[in-house]
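The primary structure of each chain is shown beneath.
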Amino acid sequence: MFSLEPTHLLILLVMLAVAVLWVWAIVSIARTPGLTTAERVIWILVVLILPLLGTIGWFAFGRRSGTRSA
């Protein structure tokens, strides 16, 4: 039977967390009501091309721009 060393387990957990945040960002982009279709496509492309930076960018800057008041 194989066992995971603590370092490998930590790396695996970090990778899993990044993957969950990546999927969460894509779902969040798709569900944000204030975005136009073009803005959605651009944000999704940014997140797909630059997974970590795009995800951080979306949660730091994109969600605010998508919540415009009418």
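Residues numbered from 1 in each chain as written. Predicted model: local features only at pLDDT ≥ 70, side-chain atom pairs only at ≥ 80, totals over all residues. Heavy atoms only, no water.

(A) Structural view of the overall build of the chain. Scanning the chain for helices and strands turns up three helices and zero strands. Walking the chain from its N terminus toward its C terminus, one meets helices and strands in the order α-α-α. By the compact-globule yardstick of 11 Å for 70 residues, the chain is too spread out, its C-alpha radius of gyration being 16 Å. Here the contacts in the chain between residues at least 6 apart in sequence split such that 52% fall between residues at least 24 apart. By element, 76% of the accessible surface of the chain is carried by carbon and sulfur atoms, the whole surface being about 5,500 Å². (Helix = DSSP H or I, 4+ residues; strand = E, 2+ residues; numbered from the N terminus. Rg over C-alpha atoms; globule rule 2.2 N^0.38 Å. Contact = heavy atoms within 4.5 Å. Areas by Shrake-Rupley, 256 points an atom, 1.4 Å probe, with all protein chains shown as cover.)

(B) Summary view of a nonpolar patch on the surface. On the surface, V41, I42, L45, V46, L48, I49, L50 and L53 cluster together into a nonpolar patch covering about 740 Å² of accessible area. Inspection of the secondary structure puts I42 in helix α2 (residues 37–49). (Patch = residues over 30% accessible without salt bridge, like charges linked within 9 Å, V, L, I, M, F, W, Y side chains within 5 Å. Salt bridge = Lys/Arg side-chain N within 4 Å of Asp/Glu carboxyl O.)

(C) Spatial organisation of the packing of aromatic side chains. Summed over all chains, the structure comprises two aromatic pairs. Relative to F59, the ring of W24 has its centre 5.2 Å away and its plane inclined at 55°; by these criteria the two rings are tilted. A residue pair is termed long-range when its members are at least 10 positions apart, and W24 in helix α1 (residues 6–31) and F59 in helix α3 (residues 51–66) qualify at 35 residues. Consider the rings of W43 and W58, whose centres lie 5.2 Å apart with planes at 70°: the pair is edge-to-face. Remark: W58 occurs in helix α3 and W43 occurs in helix α2; sequence separation between them is 15 residues. We classify W43 as buried; its relative accessible area is 19%. The exposure class assigned to W58 is buried, which follows from its relative accessible area of 0%. (Phe/Tyr/Trp six-rings, centres within 6.5 Å; stacked < 30°, edge-to-face > 60°. Buried < 20%, exposed > 50% of the residue type's maximum accessible area, 1.4 Å probe, protein only.)

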